[in-house]
Amino acid sequence: MDDFFFPRSIAVIGAARESGKVGHSVLKNLLGANFQGELIPVNPNADEILGLKAYPKIKKVDLAIVVVPAHIVPSVLEDSARAGVKASIIISAGFRESGARGAILEAQIRKIAKQHGLRIVGPNCLGIISTGANMNASFASEYPNKGNISLISQSGAICTSFLDWAANESLGFDKLVSVGNKADVTEAELLKYIARDPSTRVVALYVEGIDDGREFMRVAKEVSRVTPLIVLKAGRTDIGAKAASSHTGALAGSDAAYDAAFKQSGVIRVSSIDELFDTVKAFSRCPIPKSQGMAIVTNAGGLGVLASDAAAEFKVPLANFTRETIASLQSTLTKESNIYNPVDVLGDAKPRRYFDTLKTVLTDQNVGLVTVLLTPQAMTEPEETAGLLNEISLHASKPIFTSFVGGKELSKSLDMLKQGKSANFTSPETAVRAASNLIKFREIALAAETESIPLGGGGKKRGALLQIRRVQEERRTSLTEEEGLIVLRSYGITTPKERLVASRDKVVQAACEIGYPVVLKANSPDISHKTDVGAVITGISTDKTAKNAFDQIYANINKRIPQARIEGVTIQEMVHGVEVIIGVTRDPQFGPFITFGLGGVYVEVLRDVSHRLAPITLAEAKKMIAEVKSYPILLGTRGRKALDIDAIAHIILCVSRISQDFKEIQEIEINPLVVREKGCIAVDALVVIERRNNAIKNSGGGRLGS
Ligand SMILES: Nc1ncnc2c1ncn2[C@@H]1O[C@H](COP(=O)(O)OP(=O)(O)OP(=O)(O)O)[C@@H](O)[C@H]1O
Ligand SMILES: [Mg+2]
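Presented here is an overview of the structure given in this document. Quick caveat, the model's predicted, so the values are computed rather than measured.

Helices and strands together make up the secondary structure of the protein, namely 25 helices and 29 strands. If you line up the protein on its principal axes, its C-alpha atoms span 95 × 80 × 40 Å. For the protein, buried positions account for 56% of its 706 residues. Pairs at least 24 apart in sequence give 71% of the contacts found in the protein among residues at least 6 apart. Approximately 30000 Å² of the protein is accessible, and the part contributed by carbon and sulfur atoms is 51%. Of the charged side chains in the protein, 85 are positive and 77 negative; the average position of the first set lies 5 Å away from that of the second.

As structure tokens, this is what we get:
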């Protein structure tokens with residue numbers, strides 16, 4: 001990685017004499033940034049480019065930048081590798097992004113890279129900027145100041161926007177990488193390298209898709225406890241929610257998996273480019289707050305209220321001032337002022353009043369950060385106020401956010417603020433939103449210190465293994481409810497008392513053994529959703545209705561899906577409680593993906609669910625339960641007692657383990673899990689396994705846990 005960011009020599013293969021060509025811009029940018037190492041333009045048709053001697057062929061350098069047409073990139077790479085080059089940025093486009101032929105070329109360059117141990121950033125990218133090395137190995141028109149922001153972006157255009165925005169904000173960069181098609185070097189690898197460098201204080205990531213989700217999570221988790229990672233991921237709307245058999249599966253779109261991955265690995269996800277800019281600005285300019293309480297100082301009541309509303313919305317607590325602070329504010333401010341948080345210094349506030357108030361609230365131990373709001377009123381002196389704010393911010397150990405709300409009258413003061421160490425935002429709401437992200441990082445770092453390790457699988461449970469083997473041998477893809485419940489039971493999940501009966505005569509005896517009321521359901525590998533075909537009858541409390549229900553179920557199935565195999569009818573104890581749903585599907589990038597929600601309308605109509613990726617910790621499982629909007633129902637409302645939330649969390653851990661132990665399981669759904677004041681019972685299980693053509697041959701041998 002050092003070769004990419006701190007090379008001692010660079011070759012530009014495809015350097016051009018004509019300005020306007022990318023091969024010209026790259027060389028010009030390298031010269032412009034004052035790169036101190038050796039620079040070698042490679043071009044067989046030129047002797048000299050931009051005052052540098054040009055070479056017809058590549059020689060050994062630390063970094064080769066490739067700007068030739070796509071179809072000659074493979075041969076150029078071969079030459080470079082043979083000359084001893086170990087790192088290459090391929091700026092050229094015309095690869096995977098351009099269609100099938102490009103994809104073949106990309107596979108070719110990946111192969112060359114593997115063969116020779118040559119690392120590639122790109123292709124189809126803007127390049128790399130590393131201010132620590134005075135290196136602009138890109139065709140971006142702007143070269144940034146040195147600073148503490150690093151950016152990894154899947155879009156070159158976002159890089160140029162980011163650079164231009166930062167220039168306007170007087171913010172500087174440490175490293176910037178446009179990853180392009182990621183044929184070789186991934187964002188995970190870059191992240192690991194960049195976040196380790198103390199010159200980088202905050203890393204911004206723009207991603208559209210991550211190929212190896214698990215690896216990304218592993219690295220992000222390691223890095224995020226030290227360096228804030230701010231991610232903007234495009235593609236929130238799920239066009240491709242997979243065709244899944246379970247209810248929860250249909251709700252488990254891939255963006256939800258990204259969301260869970262970010263949450264579980266301490267990444268701060270933002271939802272728009274301006275939130276990305278604002279958040280990066282906050283981290284770049286301000287220290288990390290040591291506590292959460294925010295103080296608001298304003299010269300307009302209205303803005304104060306807007307900021308308070310936003311604080312409630314973004315869960316930023318307002319600080320409770322100490323008695324000393326209140327006494328001090330009382331003595332310095334006029335009696336019309338509001339001395340409680342938000343502090344209203346009134347419309348006639350002169351710079352000194354702002355200054356004194358800010359000084360006072362900053363010393364309050366309950367204040368973690370301060371937001372200063374200003375509107376241009378008759379007596380306001382924006383520039384002088386900005387000057388005094390800068391004076392304070394340069395020495396403050398707490399973050400100071402400002403929002404000077406206006407336009408023409410404020411433009412000069414806004415420019416002045418950029419010279420200080422506060423961060424200015426266009427509105428109180430955006431200031432508070434950025435504050436909430438700043439606070440999130442603090443929470444992430446704290447949580448990382450106390451985090452427990454996810455429960456590993458204790459090996460496949462024998463009961464589950466036998467069921468799954470059998471289903472594979474029979475070349476089926478789904479388990480019957482009965483089989484599914486055995487899988488759950490073998491992992492310690494409670495299931496209702498039940499008997500499987502194949503003939504009408506046995507119904508009454510089985511029902512009596514279990515005890516009325518009972519539920520009757522068909523046991524069939526061909527029916528995933530039994531209710532839909534009239535194959536579940538609940539609330540049966542007499543012998544007669546039990547027998548009738550048995551007949552009814554057979555009749556219903558015969559009528560609706562006559563070809564379905566029926567392996568008898570299950571007579572089940574009827575249990576009472578609140579119904580929740582727990583499901584696991586398999587995400588192509590991130591693996592087992594868990595969904596939780598309350599049963600009935602909450603999941604199906606309101607889509608009120610939460611998600612996490614397996615393996616999961618107990619703390620995460622509890623968080624995921626508390627995240628759904630219908631959570632208060634579990635806490636007990638209107639005189640009802642609270643339900644056993646710990647037991648639900650325990651079951652989430654169990655399904656997490658099952659999905660880890662059995663890679664062949666595609667979906668598990670417990671729908672419903674009946675939750676009671678003490679314990680919970682899984683009354684239905686849907687387990688789907690992948691279709692394997694040679695499953696029988698390979699699954700033999702009888703070694704458990706293999
Ligand atoms: N043992 C039981 N005790 C109490 N209620 C039950 C029991 N079994 C089933 N039910 C109720 O009947 C409903 C349908 O049963 P079950 O979940 O087994 O069938 P299903 O149609 O396959 O479900 P799904 O909606 O998951 O496709 C359950 O959601 C639950 O409300
Ligand atoms: Mg069900």
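On to the site of ligand 1. Neighbouring ligand 1 are 19 residues; Lys 521, His 529, Thr 531, Glu 573 and Glu 579 lie closest to it. Thr 531 places a polar side-chain atom, nitrogen or oxygen, 2.4 Å from an oxygen atom of ligand 1. Taking Asn 671, its main chain carries an N or O atom lying 3.0 Å from an oxygen atom of ligand 1. Protein contacts shield 86% of the accessible area of ligand 1, which totals 610 Å² for the unbound molecule. Breaking the shell around ligand 1 down by element, the ones donating at least two residues are β21 (518–522), β22 (536–540), β23 (569–573) and β27 (665–675). In terms of residue class, the shell around ligand 1 is made up of six nonpolar, seven polar and six charged.

We now examine the nonpolar core. Residues Phe 4, Leu 30, Ile 65, Ile 89, Met 135 and Leu 191 are the most contacted members of the largest nonpolar core, which totals 57 residues. Leaving out residues up to four positions away in the same chain, Leu 30 has contacts with Ile 10, Val 12, Phe 35, Leu 39, Ile 65, Met 135, Asn 136 and Ala 137. Core analysis: the next-biggest nonpolar cluster, separate from the first, contains 48 residues, Trp 165, Val 202, Leu 276 and Val 280 among them.

Time to look at the coordination of the magnesium ion (ligand 2). Donor atoms from the polypeptide that bind the magnesium ion (ligand 2) are Asn 671 (O) and Asp 684 (OD), placed at 2.0 to 2.1 Å. Note that Asn 671 is positioned in strand β27 and Asp 684 in the loop between β28 (680–682) and β29 (685–689), a separation of 13 residues in sequence. By relative accessible area, Asp 684 is classed as buried at 14%.

Below, the discussion takes up the sheet that holds strand β2 (residues 38–42). Reading across the sheet, the five strands line up as β2-β1-β5-β6-β7 and stay open at both edges, with parallel pairing between neighbours. Looking at the sheet topology across the chains shown, the edges are occupied by β2 and β7 (119–121). Going from strand to strand, the sheet's axes swing by 20° on average, the running direction of each strand aside. When strand β1 (residues 9–13) meets β2, the two strands line up parallel, connected through five bridges. Bridge pairing in β2 places Ile 13 opposite Val 42.

Let's shift gears to the layout of surface pockets. Space inside the second largest pocket adds up to approximately 730 Å³. Lining the second largest pocket we find 37 residues, and of these Thr 531, Val 536, Asn 671, Pro 672 and Asp 684 sit closest to its centre. If you list the elements that add at least two residues to the lining of the second largest pocket, you get β21, β22, β23, β24 (578–587), β27 and β29. In terms of residues, the lining of the second largest pocket owes the most to one element, β27, which gives four residues. Here the residues of the lining of the second largest pocket sort into 14 nonpolar, 14 polar and nine charged.

Bringing the side chain of Arg 586 into the picture now. Its place among the elements puts Arg 586 in strand β24. Buried Arg 586, no salt bridge; nearest opposite-charge side chain is Glu 664, N-O distance 6.7 Å. A distance of 2.7 Å separates the side chain of Arg 586 from the backbone oxygen of Ile 665, its partner in a polar contact.

This brings us to the packing of helix α13 (residues 351–363) against helix α14 (residues 382–393). Two numbers describe how α13 lies on α14: the axes approach to 9 Å, and their chain directions differ by 25°. Taken together, the axes of α13 and α14 lie roughly parallel to each other. Read as a crossing pair, α13 and α14 show a hand that is right-handed. In contact with Pro 351, Arg 352, Tyr 354, Phe 355, Leu 358, Lys 359 and Leu 362 of α13, α14 contributes Glu 384, Thr 385, Leu 388, Leu 389, Glu 391 and Ile 392. In the contact of α13 with α14, the residues fall into eight nonpolar, one polar and four charged.

Time to look at the pairing of strand β11 (residues 173–178). It is a general feature of regular strands that their side chains alternate between the two faces of the sheet. In terms of burial, β11 is a largely internal element, six of the six residues being buried. As paired strands, strand β8 (residues 127–130) and β11 are joined by three bridges and run antiparallel to one another. Its bridge partner being in β11, Ser 130 is matched across the sheet by Lys 175. With six bridges joining them, strand β10 (residues 146–153) and β11 adopt parallel strand pairing. Considered in β11, the bridge of Ile 149 is made with Phe 173. Handedness of the crossover joining β10 and β11 through helix α5 (residues 156–168): right-handed.

So, about the environment of Arg 218. Summarising the element assignment, Arg 218 is placed in helix α7 (residues 213–224). By relative accessible area, Arg 218 is classed as partly exposed at 41%. In the structure, Arg 218 is positioned 30 residues away from Ala 188 in sequence and 8.6 Å away in space, judged by C-alpha atoms.

This part is about the sheet that holds strand β16 (residues 343–344). Spatially, five strands are ordered β16-β15-β17-β18-β19 in an open sheet, and the strand pairing comes out parallel. Each edge of the sheet is formed by a strand with only one pairing partner; in this case those strands are β16 and β19 (423–424). Strand direction decides the pairing type here: strand β18 (residues 400–404) and β19, joined by two bridges, are parallel. Residue pairing across strands places Phe 401 opposite Ala 423, the latter belonging to β19. The strands that α14 touches are β17 (369–374) and β18; relative to β18, the one it contacts most, it runs at about 170°.

What counts and how
- Residues numbered from 1 in each chain as written.
- Chains lettered and ligands numbered in written order.
- Predicted model: local features only at pLDDT ≥ 70, side-chain atom pairs only at ≥ 80, totals over all residues.
- Heavy atoms only, no water.
- Helix = DSSP H or I, 4+ residues; strand = E, 2+ residues; numbered from the N terminus.
- Buried < 20%, exposed > 50% of the residue type's maximum accessible area, 1.4 Å probe, protein only.
- Contact = heavy atoms within 4.5 Å.
- Areas by Shrake-Rupley, 256 points an atom, 1.4 Å probe, with all protein chains shown as cover.
- Lys, Arg positive; Asp, Glu negative; His and termini not counted.
- Charge placed at Lys NZ, Arg CZ, Asp CG, Glu CD.
- Near = heavy atom within 4 Å.
- Polar contact = N/O pair within 3.5 Å; in protein donor to acceptor, adjacent residues only side chain to side chain.
- Nonpolar A, V, L, I, M, F, W, Y, C, P; charged D, E, K, R; others polar.
- Core = buried A, V, L, I, M, F, W, Y, C linked by side-chain atoms within 4.5 Å.
- Donors = N, O, S within 2.8 Å, 3.2 Å for Na, K, Ca; no water.
- Pairing = 2+ DSSP bridges.
- Axes fitted to C-alpha atoms, helices over the stretch in contact; angles between N-to-C directions.
- 1 Å grid on protein atoms, 1.4 Å probe; cavity = no way out; pocket = protein on both sides within 12 Å on 5 of 7 lines; lining within 4 Å.
- Points joined across faces, edges and corners; volume = space filled by probe spheres on them.
- Salt bridge = Lys/Arg side-chain N within 4 Å of Asp/Glu carboxyl O.
- Parallel < 35°, antiparallel > 145°, perpendicular 65-115°, else oblique.
- Left-handed = near helix turned anticlockwise from the far one by under 90°.
- Right-handed = clockwise from strand over helix to strand, strands pointing away.

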